[in-house]
Amino acid sequence: HYDNLAGELDEKYVTRIGLQCRSWFEKDLESRAEWENTITQGVNNLGLNVMSSDDGDAPFDGACMAVHPLILETAVKFQSKATAELLPATGPVKTEVLGKQNEEVLNKANRVKEFLNYQITKQMTEYYPDMEKLLFYLPLYGSAFKKTYWDFSLNRPVSCFIPAQDFV
């Protein structure tokens, strides 16, 4: 169901749940502080920060001051190879019938594949660009996530990239 239960529960109970959730959230942030510092240092060492010419170090606006281009090159190669495998032009969904196969079951599997590929390649306009961001981000940060959900305002599924720093 989609009702907000907070309005149905006792205020003290809702407050207790909120405080517990906040405590868990803060513990999660604390437990990953070292990882976040390591990632920040790594990104700075790679020179992935886009600089403006106001900084004085950048030769022009938007320059990337890569210190270790080999790591960036490897990340781009990973992204390129993974994109070719995971995001074919016809769509990423493939189907396989487990168990007894007959014409009706094979046709149903094909309809499912065609519809899901239509949704991903035509309706979900964010799917491919966000997946490409994820595939660049993944080798540099070690973790990346996609959130797939039904968006009631768009009246369709949505699948967006969530950087590991934003996932608690």
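Please refer to the structure placed before this passage.
Quantities reported herein were computed from a predicted structural model and do not represent experimental measurements.

Asker: How do you make sense of the overall build of the protein when you look at a structure like this?
Answerer: Scanning the protein for helices and strands turns up five helices and four strands. Listing every helix and strand of the protein by position from the N terminus yields α-α-β-β-α-α-α-β-β. Looking at the protein as a whole, 24% of its 168 residues qualify as buried. Within the protein, contacts between residues at least 6 apart in sequence are counted, and of these 50% link residues at least 24 apart.

Asker: Looking at this structure, how should I read the environment of V76?
Answerer: Mapped onto the secondary structure, V76 falls in helix α3 (residues 69-86). When its relative accessible area of 41% is taken as the criterion, V76 is described as partly exposed. Sequence separation between V76 and L135 is 59 residues, and the spatial gap between their C-alpha atoms is 8.6 Å.

Asker: I keep staring at the pattern of salt bridges and nothing clicks. Help me out?
Answerer: Where charged atoms from two side chains of opposite charge approach closely, those side chains can pair. Taken as a whole, this structure holds five salt bridges when the rule is applied. Among the ionic pairs, E36 bridges to R32, the shortest N-O distance being 2.9 Å. The buried category is assigned to R32, whose relative accessible area is 13%. Here E126 and R156 are joined by a salt bridge, their closest N and O atoms 2.9 Å apart. Of the two residues, E126 sits in the loop between α4 (103-123) and α5 (127-141) while R156 sits in strand β4 (residues 156-163), which places them 30 residues apart along the sequence.

Parameters at a glance
- Residues numbered from 1 in each chain as written.
- Predicted model: local features only at pLDDT ≥ 70, side-chain atom pairs only at ≥ 80, totals over all residues.
- Heavy atoms only, no water.
- Helix = DSSP H or I, 4+ residues; strand = E, 2+ residues; numbered from the N terminus.
- Buried < 20%, exposed > 50% of the residue type's maximum accessible area, 1.4 Å probe, protein only.
- Contact = heavy atoms within 4.5 Å.
- Salt bridge = Lys/Arg side-chain N within 4 Å of Asp/Glu carboxyl O.

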